[in-house]
Amino acid sequence: MIKAGIIGSTGYAGNELVRILTGHKEVEIKWYGSRSYIDKKYSEVYQNMFQIVEDVCKDDNLEALAEEVDVIFTATPQGLCASLVKEEILSKVKIVDLSADFRIKDVATYEKWYGIEHKSPEFIKEAVYGLCEVNREDVKKARLVANPGCYTTCSILTIYPLAKEGLIGMNSIIIDAKSGTSGAGRGAKVDNLFCEVNENMKAYGVATHRHTPEIEEQLGYASGEQVVLNFTPHLVPMNRGILVTAYANLKDGVTEETVRDAYDKYYKEEKFVRVLEKGICPQTKWVEGSNYVDVNFKIDSRTNRIIMMGALDNLVKGAAGQAVQNMNLMFGFAESEGLSLVPMFP
C-alpha cells in the first residue's frame, strides 16, 4: 500500500482522481489539496463522496506533502507545479503532473504557447511524457511524469501507428476535435454557463490552441520528421468526452490492409486502446467513464486521403485515468489496477 497526495483535488480532474483511487487496492489518499477549500470537508465540495471521504481539504504545500506520501498528483493550472517542484522534493516522492508544465521539451515553445515563464526548466529533460502505450518503459523508471493532455492523448493515439509506420504525409494532417465542457475546468466562466453552451457548438483557439505544439512534438518523435499540422478544437454541449477526426494524405501504395495491420501492430496487446471493427465509428458515449480509447479509420480512395477517428473520456484517459495508469507503472502495480471501469451508458 502506497500513500498518495492530490494537489488540485477539487477540480474536475482532481475529483476523478479521488473517485478512481478510492477503488484502487494499492493506494491510500492522505492529502486532498485545494487552495479554494482549505479546512472544508471534501464531501461538502463533492457530495458524491459523502460517507466515502471524511477528510478535509489542505493547502498545496508540496514540501510538507512530500514527507507524508509516496506519490503526488498535481491537477493544477499551468505553471504551479513548475514553480513548486525542486530536487529536494523529487528525491523523496514521485510526481505525476496533469498540467502542461513538463510536456513540451523546448522551453521557448512552452513559454510562447502558454504565455508564462517556466520556473524549473532543469527538470524538463528528465520528465517522461506519460503516454503509457508509447513510453511505457520510460514511465516505469521515472520520478517525474508529464501526464498528456486530453486532446493530445486522443489525437496522438488515433494517428500514432500511421505516423510510426510512415504511411501518411505528416505535414498534410488536419485534426478536427470536439470536447465536452468539463475539459475547461470547474472555474466560473461566462462561456461555460448553461445558456452559453446548451444548443450551441463552436470552434475556439483556432490556429492558437496550446495543445498544438504538444501534438506536433510527439508525432514528430513517432515519424522522425518535423511536423506542422492544423488543430481545431470545438466545444459541444455535453459533460464529458473527446472526439477526434483527423485527415491526412496517404503515401503511395498504402491499402486498407496496410493500415489495419499498423493499428493491430501497435494496439493489439493494449488493454485500453480498442481498434473497432471495419465500418464502426468511435463515439464518446461508448467510452464515457472509462479509461478506454476507441479508434478506427476510413480510406477515401477518391481523394487518396485517410480519415482517422478516436474517442475517449477527457476526465479519465484524458486526465485522471491516465495519471493512475502512469502511477501503476511507476510503482510496479498491474497497469490496469483501479482502471477496470466499464464505460457507462446511458
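The structure presented is a predicted model; accordingly, all values stated were derived computationally and were not measured. The numbering scheme is per chain: residues are counted from 1 as the chain's sequence reads. In keeping with the model being predicted, local features are shown solely for residues with a pLDDT of at least 70 and side-chain atom pairs are shown and tallied solely at 80 or more, while totals for entire chains, interfaces and linings include all residues. Values shown for side chains rest on all heavy atoms present in the structure; no hydrogens or waters enter the calculation.

## Considerations on the overall build of the chain
Step number 1: For the purposes of this entry, the term helix denotes a DSSP run of H or I that reaches at least four residues, the term strand denotes a run of E that reaches at least two, and both are numbered from the N terminus. A count of helical and extended segments in the chain gives twelve helices and 13 strands.
Step number 2: For a compact globule the rule gives 2.2 Å times the number of residues to the power 0.38, and the radius of gyration it is set against comes from C-alpha atoms. What you see for the chain is a C-alpha radius of gyration of 20 Å, in line with the 20 Å of a compact globule of 346 residues.
Step number 3: Along the longest, intermediate and shortest principal axes, the C-alpha atoms of the chain span 60 × 45 × 40 Å.
Step number 4: Accessible area is worked out with a 1.4 Å probe on protein chains only. A residue is then buried under 20% of its type maximum, exposed over 50%, and partly exposed in between. When burial is assessed residue by residue, the chain has 55% of its 346 residues classed as buried.
Step number 5: Should any heavy atoms of two residues lie within 4.5 Å, those residues are counted as being in contact. Counting only contacts in the chain whose residues sit at least 6 apart along the sequence, the fraction spanning at least 24 positions is 71%.
Step number 6: Calculation of accessible area relied on Shrake-Rupley with a 1.4 Å probe; when residues are assessed, cover is drawn exclusively from the protein chains displayed. Put simply, the chain shows about 15,200 Å² of open surface, and 48% of that area lies on carbon and sulfur atoms.

## Quick notes on the packing of aromatic side chains
Step number 1: Planes of paired rings set the category: under 30 degrees apart is stacked, over 60 is edge-to-face and the rest tilted, where pairs are Phe, Tyr or Trp rings (Trp by its six-membered ring) whose centres lie within 6.5 Å. Tallied over the full model, the rule gives ten aromatic pairs.
Step number 2: Ring geometry for tyrosine 32 versus tyrosine 42: centroids 5.1 Å apart, planes at 45°, classification tilted. Of this pair, tyrosine 32 sits in strand β2 (residues 27–33) while tyrosine 42 sits in helix α2 (residues 42–45), and the two are ten residues apart along the sequence.
Step number 3: When its relative accessible area of 5% is taken as the criterion, tyrosine 32 is described as buried.
Step number 4: In this structure an aromatic cluster arises from ring pairing among Tyr32, Tyr42 and Tyr46.
Step number 5: Directly above the aromatic system of tyrosine 292 lies the positively charged group of arginine 274, at a separation of 4.4 Å from the ring centroid. Criterion for a charge above a ring: Lys NZ or Arg CZ within 6 Å of the ring centre, and within 35 degrees of the ring normal.

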